[in-house]
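Below, each chain spelled out in residue letters.
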Amino acid sequence: MAPRDTLVEISGISKHFGEGEARVDALREVGLSVAAGEVVALLGPSGSGKTTLLNVIGCILDPDAGRMVLDGETVFDGRWLRGNLRRLRLDKIGFIFQFHNLLPFLDATDNVALVLHLAGHDGATARRRAVELLDYLEVGNRKDAMPAKLSGGEAQRVAIARALANSPRIILADEPTAALDSHRAGIVMDLLRRLAAEQDACIIAVTHDEKIYDRFDRIFHLRDGRLESQEGA
Amino acid sequence: MNLAFRDVRHNLFRFLLTCLGLSLLMAVVLSMIGIYNGLVVDALTIVRAPDADVWVVEARTQGPFAEASRIPGDTRDAIARLHGVEEAGSLTYQTAEATFGGRTHRLYLVGVEPGRLGAPSDLAAGRPIGRSHHEIVADVGAGLALGDRIPLGRDTFEVVGLVRDQVNSGGDPAIYLPLRDAQRLQFELAPPAARVQIARGAAIEGKNTVNAVVARLAPGASAEAVVETVRRWKHLAALTEAEQEHLLTASVVDRARRQIGLFMGILLAVSAVVIALIIYTMTMEKLRQIATLKLIGAPDRTIVGLIVQQSLALGGVGWAFGLILVMLIKDVFPRRVVLEPVNALALAGIVFVVCIAASGLGVRAALRVDPATALGG
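None of these values were measured; they are calculated from a predicted model. (Residues numbered from 1 in each chain as written. Chains lettered and ligands numbered in written order. Predicted model: local features only at pLDDT ≥ 70, side-chain atom pairs only at ≥ 80, totals over all residues. Heavy atoms only, no water.)

1. Comments concerning the overall build of chain A
Filter applied, for reference: Secondary structure counts use DSSP, requiring at least four H or I residues in a row for a helix and at least two E residues in a row for a strand, with both numbered from the N terminus. The globule rule is 2.2 Å times the number of residues to the power 0.38, and the radius of gyration it is compared with is taken over C-alpha atoms. Under the scheme applied here, a residue whose accessible area is under 20% of the maximum for its type counts as buried, over 50% as exposed, and between as partly exposed, the area being computed with a 1.4 Å probe on protein chains only. Residue contacts follow a heavy-atom distance rule, with two residues in contact if any of their heavy atoms lie within 4.5 Å. Think of it this way: Lys and Arg go in the positive column, Asp and Glu in the negative one, and His and the chain ends go nowhere. By convention, the charge on Lys lies at NZ, on Arg at CZ, on Asp at CG and on Glu at CD.
A count of helices and strands for chain A gives six helices and 10 strands. The C-alpha atoms of chain A give 18 Å as radius of gyration, which agrees with the globular expectation for 233 residues (17 Å, within 12%). In terms of overall dimensions, chain A has C-alpha extents of about 50 × 45 × 40 Å along its principal axes. Counting over 233 residues, chain A shows a buried share of 55%. Within chain A, residue pairs in contact and separated by at least 24 positions form 68% of the contacts whose partners lie at least 6 positions apart. Each charge sign in chain A was given a centre, from 29 positive and 34 negative side chains, and these centres are 3 Å apart.

Here you go:
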């Protein structure tokens, strides 16, 4: 079996907030790597740095130091090496939120098509690809529904379709099952696993949901901004 | 994909309700502009009514509107004989109250010489004054109809003609009546008062007095030359039509005009603040959506476009509704509301600038949103 690409590789990533007595070291020289097809979790108590790490990998937060390679491109090495981080996110990263965060004024198809539209696809292509993704995630029958009319599970599937729209190979999920019951949470996790395998992507999720721990390939434990341990292969 | 349009369509009722509120504000602003214009137009109406080139009044006065003016009634003959003068007419002006139709009306009485310059020519109905006594031509604003009879002083007058939009600077409708009747009303003492004067041995003031004489010049004649000639006579003063109009706008209605102008300025400022608040509030309600847009890679121009386009749509719809509303109700106002296309367009320009400036606050807030806000509960 051919070795799979390393999609996320970070080393020595540090981040602090505040100064003097108020200084908090949110991340202390964290390093990890995630390969294509892997579904990994970031676990830790509140304030351990897992959301900060997710934000750093998502290029939302500037790290103080370290090096970060995303999908083969060194994007941070003591400083950002790309000027337009929004474009970087659009090209390489998909986000799945705790609460689906669908735009309430767009229907399911347009919520997905929006990402493609932002990436420069024309309207017809964007909508066709969006419908394909919704069908793939088995919510094609709800393609014209507004977010307010979708159930929690349906909305999360549409949100996942949006995250996948631009075919990113890195998908970051913030508590993706927190708003779902255990049955639907299991379905969503199975879906994410299938996506990782079929799309050759990696999924990094922050979660507190113990019911789904067994659905991750690896689990990274963080405490006080340090990567304490990891479980799994 | 136009996000602003989609958002408006999704919240259409709320958007329209906000537009309605804004349109009422716009309607007030447009009404004030219309009232402001109406005040000036009303003030100039009476001056323009005789279609004269030169106004001859009492020496050292700026009559007959800005100041009282009394000149001998035979002045008209002297003016008519001047070189370059084609036609002349004597006029009197006075404000009076008359009771008819069950209530008291304030009227602006204009004494004219039938068939001479100054008599109303552009009638909306009826005929010009044909007799030298007891006939009047009334502005339709007085609420009179042809054939109506109203008491003025000790006499009763019959309405034989109607004119439109002939009011004084106070908005009182004009009533044109024969010069002799007007002079009796204005200058003749009531019989008891006259008897007292005679008993005292005091002279009774001559009744052949007018407030002004107007003159129309022959084609090519110079108004300034005629004015200069009249001024040399010492006991008279003269003004060109342009000077008379300037006097009215600069002195008679100036304070009211400035008052309304200031109020209009305040209203525009209030409108700007209201628009800014609405846009800012609309933006603040969308911060999480904006954070999500940023997180998924939307460029700033998409987010700025969302806010600015909605702001302009709000201002545009509010302006249009406001304009329609004012056009529908402008005739209900007790005084004339004159709205020129240029006024509506100027307000549209101001609303455009205000909307762009008002979006600034919202845009600033939106651009400062941390995309990380979209993450977490």
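2. Quick notes on the packing of helix H9 (residues 287–295) of chain B against helix H11 (residues 341–367) of chain B
Helix-helix packing is characterised by the crossing angle of the two axes and by the distance between the axes. Residue and element names in this part refer to chain B. Short version of the rule: Whenever a helix is involved, its axis is fitted only over the stretch in contact; in every case the axis is a line through C-alpha atoms, and angles between N-to-C directions fall within 0 to 180 degrees. Between 65 and 115 degrees an angle is taken as roughly perpendicular, under 35 as roughly parallel, over 145 as roughly antiparallel, and anywhere else as oblique. Left-handed is the label given to a crossing in which the near helix is rotated counterclockwise from the far helix by less than a right angle, and right-handed is the label when the rotation is clockwise.
Two elements in contact, H9 and H11, have axes separated by 10 Å at closest approach and are oriented at 55°. Between H9 and H11, the angle falls in the class oblique. Our pair here, H9 against H11, has a crossing hand that is right-handed. Residues Leu287, Ile290 and Lys294 of H9 form the contact with H11, whose participating residues are Ala365, Ala366 and Leu367.

3. Let's talk about the side chain of threonine 240 of chain B
Mapped onto the secondary structure, threonine 240 of chain B falls in strand S12 (residues 236–240). In contact with threonine 240 of chain B, other than residues within four places in its own chain, are Asp53, Ala223, Glu224 and Val227 of chain B.

4. Side note on the confidence of the model for chain B
What counts, and what does not: pLDDT is defined as a per-residue confidence score from the predictor, taking values between 0 and 100.
Residues of chain B with pLDDT of at least 70 account for 95%, and the chain-wide mean is 87. Taken together, the chains of this predicted complex give a pTM of 0.73 and an interface ipTM of 0.79.

5. Description of the interface of chain B and chain A
This is how the line gets drawn: Summed over both partners, the accessible surface that disappears when two parts come together, traced with a 1.4 Å probe, is what is meant by buried area. By the criterion applied in these results, polar contacts are pairs of N or O atoms within 3.5 Å in which, for protein atoms, one can donate a hydrogen and the other can accept it, and in which residues neighboring in sequence qualify only through two side-chain atoms.
In this complex, chain B contributes 25 residues to the contact, which on the side of chain A involves 23 residues. Roughly 2,300 Å² is buried in total at the junction of chain B and chain A, and carbon and sulfur atoms are behind 67% of that figure. Summed over the three residues of chain B that lose the most area to chain A, namely Met1, Ile296 and Leu375 of chain B, the buried surface amounts to 29% of that side. Where chain B touches chain A, the interface holds eight residue pairs in polar contact (both at pLDDT 80 or more). For the side of chain B that touches chain A, the elements supplying multiple residues, two or more each, are helix H1 (3–10), H9 and helix H10 (300–329) of chain B.

6. Points about unusual backbone geometry
Residues other than glycine seldom take positive phi values, yet aspartate 51 of chain B does so here, at roughly 55°. Note on placement: aspartate 51 of chain B falls in the loop between helix H2 (12–48) and strand S1 (54–58).

7. Quick word on the confidence of the model for chain A
Considering every residue of chain A, the mean pLDDT works out to 87; 98% of them sit at 70 or more. For chain A, the element scoring lowest by mean pLDDT is strand S10 (residues 226–232) of chain A, at 79; strand S4 (residues 65–70) of chain A scores highest, at 93.

8. A short note on H11 of chain B
Three or four residues apart is the spacing at which side chains of an α-helix point the same way, because the helix has 3.6 residues per turn. Residues and elements named next belong to chain B. How we decide: The span one expects for a helix is its residue count, reduced by one, times 1.5 Å.
Its 27 residues give H11 an end-to-end C-alpha distance of 38 Å, which sits within 8% of 39 Å, the value for a rise of 1.5 Å per residue. Of the residues making up H11, those classed as buried are Asn343, Ala344, Leu347, Val351, Val354, Cys355, Ala358, Ser359, Gly362, Val363, Ala365 and Ala366. If you follow the buried residues of H11, they end up packed against H2, helix H8 (254–285), H9 and H10.

9. Quick look at the pattern of salt bridges
So the rule is basically this: By definition, a salt bridge exists where a carboxyl oxygen of Asp or Glu is found within 4 Å of a side-chain nitrogen of Lys or Arg.
Scanning the model with the defined rule gives 38 salt bridges over all chains in all. Linking arginine 218 of chain A and glutamate 38 of chain A is a salt bridge whose minimum nitrogen-to-oxygen distance equals 2.7 Å. Residue arginine 218 of chain A is located in strand S9 (residues 218–223), and its partner glutamate 38 of chain A is located in the loop between strand S2 (24–35) and strand S3 (39–43); the two are separated by 180 residues in the primary sequence. Judged by relative accessible area, arginine 218 of chain A falls into the buried class, the value being 9%. Taking the relative accessible area as the measure of exposure, glutamate 38 of chain A reaches 15% and is therefore buried. Residue arginine 106 of chain B pairs with aspartate 172 of chain B through a salt bridge whose shortest N-O separation is 3.4 Å. Taken as a pair, arginine 106 of chain B in strand S4 (residues 103–112) and aspartate 172 of chain B in the loop between strand S8 (155–163) and strand S9 (174–178) lie far apart in primary sequence, 66 residues in all.

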